[in-house]
Amino acid sequence: MLIIAILTHLLILAFFGYAASQPGGSGLGLAFAVIWLPAVFIATAVASIVLAIVRRRELFRKGMTQWTILTLLFCTPLPLLAVAIQFKPTTWSPSSAYHPRNGKIYKVGSWNYSSSKQPRYLVQYFIADSLDYATQGEAAFKKDSTWTYFTKHGDTLKVEKYQSGQLLYSKQYVKD
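This write-up is about the structure you can find in this document. (Residues numbered from 1 in each chain as written. Predicted model: local features only at pLDDT ≥ 70, side-chain atom pairs only at ≥ 80, totals over all residues. Heavy atoms only, no water.)

Quick look at the overall build of the protein chain
Move 1: On a plain count of helices and strands, the protein chain comes out with six helices and six strands.
Move 2: For the protein chain, the sequential pattern of α-helices and β-strands runs α-α-α-α-α-β-β-β-α-β-β-β.
Move 3: Every one of the 176 residues in the protein chain was classed for burial, and the buried ones make up 21%.
Move 4: Looking at the protein chain alone, contacts between residues at least 24 apart form 31% of all its contacts between residues at least 6 apart.
Move 5: As displayed, the protein chain offers around 12,400 Å² of accessible surface, 65% of which is attributable to carbon and sulfur atoms. (Helix = DSSP H or I, 4+ residues; strand = E, 2+ residues; numbered from the N terminus. Buried < 20%, exposed > 50% of the residue type's maximum accessible area, 1.4 Å probe, protein only. Contact = heavy atoms within 4.5 Å. Areas by Shrake-Rupley, 256 points an atom, 1.4 Å probe, with all protein chains shown as cover.)

Laid out in structure tokens, this is it:
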């Protein structure tokens, strides 16, 4: 059963690595979550249950029961899910807001980087001329305001001040 559990998790990690490396519009992420992940774990559950029933006298004898139950637990997606929640930060961009004023368009993008250890919220400001935005779209936006960069540990890495895409000031605080 331990071999079944190890092979299952290796197969899931291989599927996930492949699906995550594909372009966003390919649909492989959805296929992974809806088809492959359940199919692999259902097949693993069936194989583990059949094996546990066939070899129940060996697997559930005194002193082996706790190890058998632990191995059966590792044949489920629970350990993989626990590791993914603990170590995989998620990012999302709830929206971008556009504010036209005096022939300029101001864009505010906000992202929430959440992990179990250090949740962060980031707001970025951009500016574009209305005519440039009409012809170039999102490519017309330039950095504007003060941008603060952080390390993975939350220390300030550097601070940069922009005005209409031009860097006015930059200061490095902590090395990468």
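Back to the write-up after that little detour.
Some details on the pattern of salt bridges
Move 1: Within this structure, the stated rule accounts for three salt bridges.
Move 2: The closest approach of N and O atoms between Arg55 and Glu58, which form a salt bridge, is 2.7 Å.
Move 3: Take Arg55: its relative accessible area is 36%, and that puts it in the partly exposed class.
Move 4: Residue class for Glu58 comes out partly exposed when judged on its relative accessible area of 42%.
Move 5: We note a salt bridge from Lys158 to Glu160, for which the minimum N-O separation is 3.2 Å. (Salt bridge = Lys/Arg side-chain N within 4 Å of Asp/Glu carboxyl O.)

A short note on the packing of aromatic side chains
Move 1: For the structure on display, the rule yields five aromatic pairs.
Move 2: When the ring of Trp147 is compared with that of Tyr162, the centres are 6.1 Å apart and the planes differ by 70 degrees; the resulting orientation is edge-to-face. Taken as a pair, Trp147 in strand E4 (residues 142-150) and Tyr162 in strand E5 (residues 156-163) lie far apart in primary sequence, 15 residues in all. With respect to class, Trp147 is no different from Tyr162; both count as buried.
Move 3: Three or more aromatic residues link up through ring pairs in this structure, and these residues are Tyr98, Tyr133 and Phe141.
Move 4: Against the face of Phe126 rests Lys107, its NZ or CZ located 5.1 Å from the ring centre.
Move 5: Sitting above the plane of the Phe141 ring, Lys107 keeps its charged end 5.4 Å from the centroid. (Phe/Tyr/Trp six-rings, centres within 6.5 Å; stacked < 30°, edge-to-face > 60°. Lys NZ or Arg CZ within 6 Å of the ring centre and 35° of its normal.)

Notes on the side chain of Glu160
Move 1: Its place among the elements puts Glu160 in strand E5.
Move 2: Only 2.5 Å separates the side chain of Glu160 from the side chain of Tyr162, close enough to count as a polar contact.
Move 3: Glu160 has contacts with Lys143, Ser145, Thr146, Trp147, Tyr149, Leu167, Tyr169 and Ser170, leaving out every residue within four places of it along the chain. (Polar contact = N/O pair within 3.5 Å; in protein donor to acceptor, adjacent residues only side chain to side chain.)

A closer look at a nonpolar patch on the surface
Move 1: On the surface, Trp67, Leu70, Leu73, Phe74, Leu78, Leu81 and Ile85 cluster together to form a nonpolar patch covering roughly 690 Å² of accessible area.
Move 2: Contributing elements (two or more residues each) for the nonpolar patch: helix H4 (65-73) and helix H5 (78-87).
Move 3: One can find Phe74 in the loop between H4 and H5. (Patch = residues over 30% accessible without salt bridge, like charges linked within 9 Å, V, L, I, M, F, W, Y side chains within 5 Å.)

Digging into unusual backbone geometry
Move 1: At Ser145, a position not held by glycine, the phi torsion is positive, near 90 degrees.
Move 2: One can find Ser145 in strand E4.
Move 3: The phi dihedral of Ser164 falls on the positive side, at around 55 degrees, and the residue is not glycine.
Move 4: Inspection of the secondary structure assignment puts Ser164 in the loop between E5 and strand E6 (166-172).

Quick notes on the environment of Glu160
Move 1: Given a relative accessible area of 6%, Glu160 falls into the buried group.
Move 2: Considered as a pair, Glu160 and Ser145 are 15 residues apart in the sequence and their alpha carbons are 8.4 Å apart.

Some details on the nonpolar core
Looking at soluble globular proteins, one finds that nonpolar side chains tend to be buried together.
Move 1: Residues Ile105, Phe126, Ala128, Ala140, Phe141, Trp147 and Tyr162 constitute the largest nonpolar core, which totals seven residues.
Move 2: With near-sequence residues (within four places) excluded, Ala128 lies in contact with Gly103, Lys104, Ile105, Tyr133, Ala140 and Phe141.
Move 3: Counting residues in each nonpolar core, the second largest holds five residues, with Ile12, Ala19, Phe32 and Val40 among its members. (Core = buried A, V, L, I, M, F, W, Y, C linked by side-chain atoms within 4.5 Å.)

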